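Given next are the chains, with one letter for each unit.
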Amino acid sequence: MRTALTRLLGIEHPIIQAPMAGGPTTPALAAAVSNAGGLGTLGAAYLAPDTLRRAIAAVRTLTDRPFGINLFVPETPGVTATAEQITRAQALLNPLRAELGLPPSPDMPPQADSFADQLAVVIAERVPVLSFTFGIPAREHLDALRAAGILTVGTATTVAEGVALARAGVDAVVGQGSEAGGHRGTFVPDAAYAERALVGTLALIPQLVDVVRVPVIAAGGIGDGRGLLAALALGAAGAQMGTAFLACPESGAHPQHKATVLAAADTDTMITRAFSGRSARGIVNHFIEALRVYEAEVAPFPAQNALTRDIRQAAARVDRGEYLSLWAGQAARLATARPASEVVRATVEQAERLLRQLGEMEEQGV
Ligand SMILES: Cc1cc2nc3c(=O)[nH]c(=O)nc-3n(C[C@H](O)[C@H](O)[C@H](O)COP(=O)(O)O)c2cc1C
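Residues numbered from 1 in each chain as written. Predicted model: local features only at pLDDT ≥ 70, side-chain atom pairs only at ≥ 80, totals over all residues.

## Structural notes on the sheet that holds strand β2 (residues 40-43)
Ordered in space as β1-β9-β8-β6-β5-β4-β3-β2, the eight strands form an open sheet in which the pairing is parallel. Of all the strands in the sheet, just β1 (15-17) and β2 have a single pairing partner and so form its edges. Each neighbouring strand pair of the sheet contributes to a mean axis angle of 25°, computed without reference to strand direction. One ladder, built from four bridges, connects strand β5 (residues 151-156) with strand β6 (residues 172-176); its direction is parallel. Paired with A156 across the strands is G175, a residue of β6. The sheet strands contacting helix α9 (residues 201-211) are β5, β6 and β8 (216-219), and the helix crosses β8 at an angle near 175°. (Pairing = 2+ DSSP bridges. Helix = DSSP H or I, 4+ residues; strand = E, 2+ residues; numbered from the N terminus. Axes fitted to C-alpha atoms, helices over the stretch in contact; angles between N-to-C directions. Contact = placed C-beta atoms within 7 Å.)

## Points about the sheet that holds strand β7 (residues 182-183)
Sheet architecture is open: three strands sit in the order β7-β11-β10, paired in antiparallel fashion. The sheet is open, and its two borders are formed by β7 and β10 (269-272), each paired with just one other strand. Alignment of β7 against strand β11 (residues 280-283), held across two bridges, turns out to be antiparallel. Within β11, the position partnered with H183 by the bridge is A280.

## A closer look at the environment of P104
Along the chain, P104 turns up in the loop between α4 (83-99) and α5 (115-124). Sequence-wise, P104 and I16 are 88 residues apart; in three dimensions their C-alpha atoms are separated by 41 Å. In this view, P104 contacts N94 and R97; residues no more than four positions away in its chain are not counted.

## Quick look at the pairing of β6
For a regular strand, side-chain orientation follows a simple rule: the groups alternate between the two sheet faces. When you tally the buried positions in β6, you get five out of five residues, the bulk of the element. Residues of β6 alternate between two faces, with A172, V174 and Q176 on one and V173 and G175 on the opposite face, all of them buried. Considered for its hand, the β-α-β crossover made up of β5, helix α7 (residues 159-168) and β6 is right-handed. Examined bridge by bridge, β6 and β8 share four bridges and lie parallel to one another. (Buried ≥ 20, exposed ≤ 12 C-beta atoms within 10 Å, placed from the backbone. Right-handed = clockwise from strand over helix to strand, strands pointing away.)

Structure below.
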């Protein structure tokens, strides 16, 4: 299954293990996928520059194959939450804090991660691939990446976003369908647009492929070889799979997160702003339910993310999945607890088997 993507990235199979910031994508997971012939990716958005440097070194001790780093592009101009928004968001979160025995309205933790500093590490370390979401980096940043020989992959949730990324000169575009777990990559700063930017993978990919020249990578709801082959049939040059790798032994997802994903039904996820202030798909739990009717009142990203950190960290310590952000996509039922190399191998084998069967059907005139 050689495609424009396998040639571009120098990998064997057209499978990218999705970046999953916040813990799931450990160096061990990314390296296992790269060693299995896919592209492992570290979700590094929340990592301070020094931690990012160490994580890159850790991947390099485990694999000599290509791998990716993923960052969040900050909005320009940046959105700062107003004092009223913070006060309101704290008031909404305090009852949940009380349930966990936490003090009310803690001080906001300082904003730790700077995109420019993270990018400087990526460039200095000459990582093979940088993927990003939430926007398009400034031209000078893209130029610096190109000059360092780093391939860039942007995230689009609509055709217009894909066109904008391709115009900016990225090497490949991830088309993120609405089935996808985790944050929506939508970056057109218009709330009404964002609501309509929930295009399913099956609809998004062929429309993107029709207008974007660079390789398109399908993401969202792809959990096995059936999804991979379907993505290729839609014109994608590969698939980016997140939820399918969440419960692997190499994943650093919280045990409660893994268990919930493995038990999830297709109807168990929804899109919420409650955890971070940005729309993201996760498994519905008490935290989401409690803030459901107040979604419009939470603080904007990244302030809300900082405000909910004490709750998520406390919940992780005491194994209370009801208060964790259990990001997962609509195909969670397809996730398994197999090692990552097995997920890659089984996905490729199934896709190749299906392709052969389809070929035989054609020969038989079915
Ligand atoms: C737990 C989790 C965390 C995620 N974090 C990121 C991230 O840091 N950066 C990013 O570009 N995408 C992130 N995503 C989205 C993935 O890149 C991808 O779009 C998604 O996993 C594809 O859908 P699937 O989960 O159905 O495979 C995340 C997804 C999940 C499930």
